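Each chain is listed here by its residues.
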Amino acid sequence: MAKRKCPEINASSMADIAFLLLIFFLVTTTMSVDKGLSRRLPQPLPPDMEKPSVEVNKRNTFIVLLNSNNQLLVQGEFLNVKDLREKAKTFIKNEFNDPNMPVRKPMEVDYFGTVEVTKDHIISLQNDRMTQYQAYIEVQNELVAAYNELRDELSRAKFGIAYEALDEDRQKAIQTIYPQKISEAEPKNYGGKK
Amino acid sequence: MAKIRKAGKKEVPALSTSSLPDLIFSLLFFFMVATSMKEVTYMVEIRVPEATELQKLEKKSLVRYIYMGTPQREYQKAYGTETRIQLDDAFADIRQLEDYVVRERSAMKEDEQSLLTISIKADKDTKMGIVTDVKQALRRAYALKINYAASQRTEYHP
């Protein structure tokens, strides 16, 4: 009797199986990476301690208030969210040494030499308990955008490339010139019911 | 001298499909690697707010999520329609938050504990009151690195 030849395994259905799996993963997949605005919260206060009254020069603070109707009050005047970025930028930069804007102090920075930096400025963001979350994020976003734009402008002027493309040391240098200082005040309940 | 060909009809050979499975498998592997399944089933309604200056959350293992929003319809009978907090797969009270963070942190590797990031995934209509409470609780728990989850805004509509 002749030796029976082992028949080849039919692989034509392999494609179907693979397709099935592929479609399953296509359907369940969510390609979106998690993104968001990164922030750092301030250190907690010891429970028995009173809130320390930080002496901040008045001209160094940029006060942003957001009320329960999502309206914005910046440095005592009404403002549209769209204009916040420009206003914050002029404040942080204080190009013309305006006495109402943060103090410029000379500082030694790598790559730049001695530059005048508004390093003591602080942006204070206060919101009401009834403020809508989207409005709050929008304000945060505009403030972060102000910093990002300033850093990018400086980087382009000095190094000719975008801030994102710089190496770590140069980014650090720019960060010392424009340190991001957004303070979220201790919560208060401004008028209105809870 | 030219070779004389047989005058029979020339048949096109059948297309070989033997490499099709390999192709499909490579696609399959791509999707398996790139995919990220939903971490939990949402019990609250979440439409994240929109923003433009977004940063990617780097390492998934260092991130823990807090979900906030109004309960979905099937839970509304039991939990009402007020904004609620969801941790992992259950509704939670704000008082449980501190414990949760401490527990999660101690479960992490020691050298990574300081890198713990809390991502706040909240619905855009959430009131800031509860968000502020959560933030205060996180401060007390020393979870200072936070991230407000948001989606990329494509067009400006104030």
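In case you missed it, the structure is sitting above this.
Once a new chain begins, its residue numbering starts again from 1 and follows that chain's sequence as written. Naming scheme: in the order in which they are written, chains are lettered from A and ligands are numbered from 1. With the structure being a predicted model, the display of local features is reserved for residues of pLDDT at least 70 and the display and counting of side-chain atom pairs for 80 or more, all residues being used for whole-chain, interface and lining totals. Excluded from the side-chain calculations are hydrogens and water; all other atoms, namely the structure's heavy atoms, are used.

1. As for the overall build of chain B
From N to C terminus, chain B includes 4 helices and 8 strands. By definition, any uninterrupted DSSP run of H or I lasting at least four residues is a helix, any uninterrupted run of E lasting at least two residues is a strand, and each is numbered from the N terminus. Overall, chain B shows an N-to-C arrangement of helices and strands of α-β-β-β-α-β-β-α-β-α-β-β. Buried, partly exposed and exposed residues are distinguished by accessible area as a fraction of the type maximum, computed with a 1.4 Å probe on protein chains only: under 20%, between the cut-offs, and over 50%, respectively. Relative to its full complement of 158 residues, chain B shows a buried share of 40%. Contacts are assigned to residue pairs that have any heavy atoms within 4.5 Å of one another. Considering only contacts in chain B between residues 6 or more positions apart, those separated by 24 or more positions represent 71%. Here the open area of atoms and residues is found with the Shrake-Rupley method and a 1.4 Å probe, where only the protein chains shown may cover a residue. When the accessible surface of chain B is totalled, it reaches about 10200 Å², and 53% of it is carbon and sulfur.

2. Comments concerning the nonpolar core
To qualify as a nonpolar core, a set must consist of buried Ala, Val, Leu, Ile, Met, Phe, Trp, Tyr and Cys residues joined through side-chain atoms within 4.5 Å. Of all hydrophobic cores here, the largest spans 62 residues; its most connected members are Tyr133(A), Ile66(B), Ile120(B) and Leu138(B). Tallying contributions element by element places helix α3 (residues 133-158) of chain A first for this core, with 11 residues. Those residues in contact with Ile120(B), other than ones at most four positions away along the chain, are Tyr133(A), Ile66(B), Met68(B), Val134(B), Lys135(B), Leu138(B), Ile146(B), Asn147(B), Tyr148(B) and Ala149(B). In this structure, Val40(B), Met43(B), Val44(B) and Tyr67(B) belong to the second largest nonpolar core, which totals 9 residues.

3. Comments concerning unusual backbone geometry
Residues and elements named next belong to chain A. The phi angle at Asn70 is positive, at roughly 60 degrees, despite the residue not being glycine. Along the chain, Asn70 falls in the loop between β2 (61-66) and β3 (72-74). At Asn94, a residue that is not glycine, the phi angle is positive and equals roughly 45 degrees. Take Asn94: it is sitting in the loop between α2 (81-93) and β5 (105-109).

4. Some points on the environment of Leu125(A)
Residues and elements named next belong to chain A. Mapped onto the elements, Leu125 comes out in strand β7 (residues 122-127). Its relative accessible area of 2% is what places Leu125 among the buried residues. A C-alpha to C-alpha distance of 8.4 Å links Leu125 and Phe62, two positions 63 residues apart in sequence.

5. So, the interface of chain B and chain A
On the side of chain A, 49 residues touch chain B, which itself brings 56 residues to the contact. Overall, the association of chain B and chain A removes approximately 4800 Å² of surface from exposure, summing both partners, and the carbon and sulfur fraction of that is 60%. Salt bridge, as applied in this entry: a Lys or Arg side-chain nitrogen positioned within 4 Å of an Asp or Glu carboxyl oxygen. Between the two partners, chain B and chain A, sit 2 salt bridges. Among the elements of the structure, α1 (20-34), β1 (50-51), β2 (55-56), β6 (117-122), α4 (128-140) and β7 (145-149) of chain B are those that each provide at least two residues to the side of chain B that touches chain A. It is α4(B) that contributes the most residues to the side of chain B that touches chain A, 11 residues altogether. Its residues assigned to classes, the side of chain B that touches chain A comprises 31 nonpolar, 10 polar and 15 charged. Two strands are said to pair when DSSP picks up at least two bridges between them. One ladder, built from 5 bridges, connects strand β1 (residues 35-40) of chain A with β7(B); its direction is antiparallel. Looking across to β7(B), one finds that Ser38(A) is bridged to Asn147(B). As used here, buried area is the combined drop in accessible area, with a 1.4 Å probe, of two parts when they are placed together. Three categories are distinguished: nonpolar for Ala, Val, Leu, Ile, Met, Phe, Trp, Tyr, Cys and Pro, charged for Asp, Glu, Lys and Arg, and polar for the others, with Gly belonging to the last.

6. A closer look at α2(A)
All names here are of chain A. Taking 1.5 Å of rise per residue, 13 residues should cover 18 Å, and α2 covers 19 Å from first to last C-alpha, within 8% of that figure. Buried residues of α2: Val81, Leu84, Arg85, Ala88, Lys89, Phe91 and Ile92, and no others. Buried residues of α2 fall within an arc of 165 degrees about the axis and therefore sit on the same side. For α2, the secondary structure elements touched by its buried residues are β2, β3, β4 (77-79), β7 and α3. Of the residues one or two after α2, Asn94 is the one with positive phi, at around 45 degrees. A helix is expected to reach a length of 1.5 Å times the quantity of its residues less one. Working definition: the arc comes from the directions between the helix axis and the C-beta atoms, pointing outward to the latter.

7. Quick notes on the side chain of Arg139(B)
Topologically, Arg139(B) is positioned in helix α4. Judged by relative accessible area, Arg139(B) falls into the buried class, the value being 6%.

8. Considering the sheet that holds β7(B)
Spatial strand order, β2(B)-β1(A)-β7(B)-β6(B)-β3(B)-β4(B)-β5(B): 7 strands in an open sheet with mixed pairing. Unpaired on one side and paired on the other, β2 and β5 (90-92) of chain B mark the two borders of the sheet. Where strand β4 (residues 84-87) of chain B meets β5(B), 3 bridges bridge the pair, whose relative direction is antiparallel. Note that in β5(B) the partner of Gln86(B) across the bridge is Phe91(B). Its contacts with the sheet place α3(A) against β1 of chain A together with β6 and β7 of chain B, and it is angled at close to 75 degrees to β1(A). The angle between two axes is taken between their N-to-C directions and runs from 0 to 180 degrees, where each axis is a line fitted to C-alpha atoms and a helix contributes only its stretch in contact.

9. Re the pattern of salt bridges
Residues and elements named next belong to chain A. Enumeration over the complete set of coordinates arrives at 18 salt bridges over all chains. Lys105 is the partner of Asp120 in a salt bridge, and the nearest nitrogen-oxygen pair spans 2.4 Å. Highlighted residues: Asp120 in the loop between β6 (113-117) and β7 and Lys105 in strand β5, separated in sequence by 15 residues. Several salt bridges share partner residues, and in doing so they unite Arg85, Glu86, Lys89, Lys93, Glu142, Glu149 and Glu153 into one network.

10. As for the packing of aromatic side chains
Note on aromatic contacts: the rings of Phe and Tyr and the six-membered ring of Trp form a pair at centre separations within 6.5 Å, being stacked when their planes are under 30 degrees apart, edge-to-face when over 60 apart, and tilted otherwise. Taken as a whole and assessed by the stated rule, the structure comprises 10 aromatic pairs over all chains. Consider the rings of Tyr136(A) and Tyr148(B), whose centres lie 5.8 Å apart with planes at 85 degrees: the pair is edge-to-face. Placement of the pair is Tyr136(A) in helix α3 and Tyr148(B) in strand β7, with the two residues belonging to separate chains. The residues Tyr136(A) and Tyr148(B) share a single accessibility class, namely buried. Pairing Tyr75(B) with Phe91(B) gives two aromatic rings, centres 5.8 Å apart and planes at 80 degrees, and the pair type is edge-to-face. Of the two residues, Tyr75(B) sits in helix α2 (residues 73-79) while Phe91(B) sits in strand β5, which places them 16 residues apart along the sequence. Among the aromatic residues, those joined into a ring-pair cluster are Tyr111(A), Phe112(A) and Phe159(A).

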